[in-house]
Amino acid sequence: MRWLTNLATSSIGAKVLMALTGVVLVAFVVGHMIGNLQVFAGREVLNHYAELLQSNRGVLWAIRLFLLGSFATHVFMSSRLTLQNQAARPVPYVNQVPIKSTFTSRNMWVTGFVVLAFLTFHLLHFTVRVTHPEYQQLVEHVGPETRPDVYTMVVMGFREPVVAITYVVAMLLLGLHLSHAISSAFQTMGLNTSKYRPITEKVGPVTAVIVVIGNVTMPLAILAGKVPLPPGAF
Amino acid sequence: MKLDAKVPSGPIAQSWDSHRFEMKLVNPANKRKFSVIVVGSGLAGASASASMAELGYEVDCFCFSDSPRRAHSIAAQGGINAAKTYPNDGDSVWRLFYDTVKGGDFRSREANVYRLAQVSNHIIDQCVAQGVPFAREYGGLLANRSFGGAQVSRTFYARGQTGQQLLLGAYSALCRQIGVGKVKMHPRAEMLDLVVVNGQARGIIVRNLVSGRLERYAANAVVLATGGYSNVFYLSTNAKACNVTAAYRAYKRGAGFANPCYTQIHPTCIPQSGDYQSKLTLMSESLRNDGRVWVPKNQADCGKAPGSIAENDRDYYLERKYPSFGNLAPRDISSRSAKEVCDEGRGIGPSGYGVYLDFSEAIGRLGQNVIQERYGNLFEMYERITGDDPYQTPMRIYPAPHYTMGGLWVDYNLMSTIEGLHVIGEANFSDHGANRLGASALMQGLADGYFVLPYTIGHYFASQKQTPVTIENAAFDNVEKETTERIRKLLSIGGNRTPDSFHRELGRIMWNQCGMARNEKGLRAALQQIPALREEFWKNLRVPGCGEDFNIALEHAGRVADFLEFAEVMCHDALERNESCGGHFREEYQTDDGEALRNDDEYCYSSVWEYQGVGNTPALHKESLTFDNVKLAVRSYK
Amino acid sequence: MKLTLRIWRQHHRTAKGEMVDYHLDDVSEHMSFLEMLDVLNEKLLAEGKDAIAFDHDCREGICGACSLVINGKPHGGFPNTTTCQVHMRHFNDGDVVTVEPWRANAFPVLKDLVVDRTAFDRVMHSGGFVSVNTGGTPDANAIPIAKNEADIAMDAAACIGCGACVAACKNASAMLFVSAKIGQFRHLPQGKVEQLDRAKRLVAQMDAEGFGACTNTYDCEGACPKSISATFIAEMNRDFLKGNLCEP
């Protein structure tokens, strides 16, 4: 088992763990976006989708724990590497000019931290709903049954300009993070070659643009009043 | 001083094999009881250290750079010769031997050269096995090229970085032995003196260049692999730190110095651009394969743009004088011809010391793409340094000191006149005679280090009984005291001039009087000027700071001090040799058409100089050279 | 031209360093950068002051001794150029030029602009070689090597070990250097035998030396005077993973 500790404690091992967990998180982000885009299909579709997700508590929690574990590993390894990286240059340059690096690639820790903060807010906002306890009350009547009215919650949420702008800004930062992260994962996992590099280099930015566009159209469209509230909601 | 070359008797083709059989061996279990100090970590030093450590000897290796990988062997561009005959073009061990003896203008020891040619093939095998990425053909086999005027393609190369790749190969072997603890590496350590105990080399005094402290090391044998002394000219293609100190200190302790006047001036270097110039940059000789060398026929055209000078008004002097070799004439001949035309006032460039190396014909014939493929990196380098684009305008080149064939005298076993002191690579004198052929320096460094010294040093250990010597020995006390005193003196002069200013001035004297062409008057003048400059050095030098410190001015001052003594030995040697041969051209001795005039009746020997005190004429000893296998002949490249 | 040089001075390893301004009035555009520093040093020595220590040797861009972060970039940031090949024609009259040493925990400053790069050597000691002894090797042409593979090996082997990659990296990571070493051998049949083990050993030593980790910013690649490609890093990662996961 020595190989395992060697691997996990090495710098490359740590980065590979970040890449692997990163892949999981990217998959989640993309899936999450596709699911949520159903808000444009109307209340019925989105609420049905939400109900489906909630239908099997066991599977839901397994996925949640897996995501949480990936996220925690990602954060833990990044913190460890960031500290190691800072210790690797105890005396900073008086004058240092970047050559090939970009603002994004140099500031992954910063964008990552902002995304972490946003995610916390997002969970409190829409999942645990402590910021707006009134969201707990939102239900949709389907025949005799009721189900949580996620649609209304989202539309109401994003009609608050501060919230909508916060989400937009956060998504832009997430986009920056992903634009470097996804291409970077190919390199870290050793999947990059000079032949495919022109492609892997673009996969990150392209995915990031898609994620950003997909995710910001929701708050922006809602803020602009393009997504109607169902009659009778507050 | 007794010179016994210990050349094996019998036919030359068998001499190394029979010698290897006759040499005594050290029992494998006993090898670890013998320690060796190797000074220098270039091709020769690194390969010797690694090979001896693999055999089981305990090795201490020293270099003044921060890493053994920086030794100046790294700068060799062109390639390495071997008699592999892969191209099926009539090469053989005998031909490589013949060419090297002839190229050396019949001033080398036949047996050594033959051995060099013999082991050359093993070197290529060894390097490939180490992972040296030699150039290859599409079929996957090694590529060869003709180099430096050879009539066969026997040169192996790795882009323009053959030296770096071979050195990294030797360095990797060295690293492996450092990793297993068989070699202890001492970087940033400069040997300042040799310790001789009971007539045997048993240790060295080293200055740690970081702390400035002197350190003592004892061993059963000492190997010098400290390179050449071209920096005596100040401006040369050698790295800035290359110096003669280790070899010269050994000379002062009794090692004979052979043929110091044999210096190679490389024809294709970028000319000096100003007084601040710190060194000269070599452009690979391979450029002469496609470039044509010319100057204007008329002095009046020298200031004009080269493109505006009509074809008829250009003098392609190498093609004119040496129709069969043309632009590929050997180094000494090409260099001297450049000097001649510049001395006639037909040199080009701001200083008037330059000739054109023109690719326009080749670009027209082969297309710019082909030229770019062949020489792209060299053209880039030229443009980086001069700001001129050689695709558009001819390169300007001029000869510069490059390699020194002279060095400490060694016998067939590579041992100097001090018992136990072995000398390998450029630091010894053994294989190149009066002129070295292109792509032969790498070959010799690695031959000595991989395939000769590891055998002969065992013979030395097995042949005699040594008394144990530790660094507590009185001899170490004495030598260290002398070294300390010398450093104290350098620091305490308190004059007005920097070490560099003395070095430059010495370089000018040597370049003018003992450079590409020498004459009695100039050499006698130099023998007046050098002692005077040395005297001023010891009166008017200024080295700030202290000895036990990282002190770059002090490092340089010590090296210049030794150059100032050594330069005199060089001039004595050049003055004594009343003939022209190879890199030694005495203006008094030339044929009617200006070719070198050798005098085999009187000078068919290696001059070995023995130290007689600072400022005194050293004593001359002669090792006569016999040529049983290659007939003495006039070296003609017409 | 006139220049103001803002140079890092530090007397010894543990001393506190600082940027000190020097003025040079008569800098020729034909000088190399190091010749310009030579001129400054001659001036300092003539004044009885301590010369500025900097590493240099061949001054042809191949030995890898020269270093210097010039105006914020290793080797000055000119393409395929080491400090010793930078010429003053790239600077303008009146410029303020900052000169700093490589800065990395694994490269402690010994004096002024001179740093200790033996960490690179120790990485090499740990496995940067093909384990062959002298002698007894097969004929050089016994194993054909495809030209394109040999060329890739040569691309990696062009590394001069200067450390610009470490100096440029915001994390002072040595991944480009180490991967170039691994890259050279992994593309040659002679080096394949120890390929995975070599990657494990070199990476372990690299980590032990205190270099930072790679965040794939590729400043190393941009700073490399020999244009070593960062795809060698990907290859090294692959070998390292394979060595750890797939080897018995």
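**A short note on the overall build of chain C**
Each helix and strand in chain C was counted, giving 9 helices and 7 strands. The principal-axis extent of the C-alpha atoms belonging to chain C is close to 65 × 35 × 35 Å. Each of the 248 residues in chain C was classed as buried or not, and the buried ones make up 65%. Long-range pairs, those at least 24 residues apart, make up 70% of the contacts in chain C with a sequence separation of at least 6.

**A short note on the domain arrangement of chain C**
The figure often quoted for interface size is the accessible area lost as the parts come together. All names here are of chain C. Partitioning chain C into structural domains gives domain 1 (3-111) and domain 2 (118-245). A straight line from the C-alpha centre of domain 1 to that of domain 2 covers 29 Å. Counting from both sides, the interface comprises 18 residues of domain 1 and, opposite them, 16 residues of domain 2.

**With respect to the environment of V155 of chain A**
Residues and elements named next belong to chain A. Relative to the helices and strands, V155 resides in helix 7 (residues 150-158). V155 sits 67 residues away from I222 along the chain, and the two C-alpha atoms are 6.0 Å apart. Residue contacts for V155: discarding those within four places in its chain leaves I222, V227 and L229.

**What about the nonpolar core?**
V36, V223, L224 and L408 of chain B together with C165 and V166 of chain C are the most contacted members of the largest nonpolar core, which has 332 residues in total. When residues of this core are assigned to their parent elements, the largest contribution, 15 residues, is made by helix 15 (residues 552-576) of chain B. With near-sequence residues (within four places) excluded, L408 of chain B lies in contact with L224, A247, A250, Y251, A255, F257, A258, S416, V423, A427, N428 and F429 of chain B.

**With respect to the interface of chain B and chain C**
Between chain B and chain C, the contact holds 65 residues from the first and 67 residues from the second. Listed by contribution, the elements that provide at least two residues to the side of chain B that touches chain C are helix 2 (43-55), helix 4 (110-130), helix 5 (162-179), helix 10 (368-386), helix 11 (441-463) and helix 15 of chain B. Looking at which element gives the most residues to the side of chain B that touches chain C, the answer is helix 5 of chain B, with 9 residues. Looking at the side of chain B that touches chain C residue by residue, the class counts come to 28 nonpolar, 22 polar and 15 charged.

**Things to note about the sheet that holds strand 3 (residues 69-70) of chain C**
All names here are of chain C. What the 5 strands build is an open sheet, ordered 2-1-5-3-4; its pairing is mixed. In this open sheet, the two edge strands, each paired with only one partner strand, are strand 2 (18-24) and strand 4 (73-74). The pairing of strand 3 with strand 5 (residues 96-100) spans 2 bridges and is classified as antiparallel. Considered in strand 5, the bridge of I70 is made with V99. Strand contacts of helix 1 (residues 33-46): strand 1 (3-9), strand 2 and strand 3, with the helix running at about 90° to strand 2, the strand carrying the most contacts.

**Concerning the pairing of strand 18 (residues 605-610) of chain B**
Residues and elements named next belong to chain B. Relative to strand 18, strand 10 (residues 257-258) runs antiparallel, the two sharing 2 bridges. In the sheet register, F257 faces strand 18, and the bridge partner there is W609. Bridge analysis of strand 18 against strand 19 (residues 619-624) gives 6 bridges, and the strand direction is antiparallel. The residue bridging E610 from the neighbouring strand is A619, located in strand 19.

Criteria and thresholds
Starting from 1, residues in each chain are numbered consecutively following that chain's sequence as written. To read the labels, note that chains go from A and ligands from 1, taken in the order they are written. The predicted nature of this model means local features are confined to residues of pLDDT at least 70 and side-chain atom pairs, given and counted, to a pLDDT of 80 or more, with totals for whole chains, interfaces and linings taken over all residues. Helical segments are the DSSP runs of H or I of at least four residues, strand segments are the runs of E of at least two, and each set is numbered from the N terminus. Any residue surrounded by 20 or more other C-beta atoms within 10 Å of its C-beta is treated as buried, while 12 or fewer makes it exposed and the intermediate range makes it partly exposed; C-beta atoms here are placed from the backbone. Working definition of a contact: two residues with C-beta atoms, positioned from the backbone, lying within 7 Å. These domain limits were set by an automatic method or by a database of domain assignments. By our criterion, buried Ala, Val, Leu, Ile, Met, Phe, Trp, Tyr and Cys residues that link up through C-beta atoms within 7 Å make up a nonpolar core. Residue polarity is assigned by list, with Asp, Glu, Lys and Arg as charged and Ala, Val, Leu, Ile, Met, Phe, Trp, Tyr, Cys and Pro as nonpolar; anything else, Gly included, falls into the polar class. Whether two strands pair comes down to DSSP finding at least two bridges between them. Helix axes are fitted only over the stretch in contact, all axes being lines through C-alpha atoms; the angle between N-to-C directions runs from 0 to 180 degrees.

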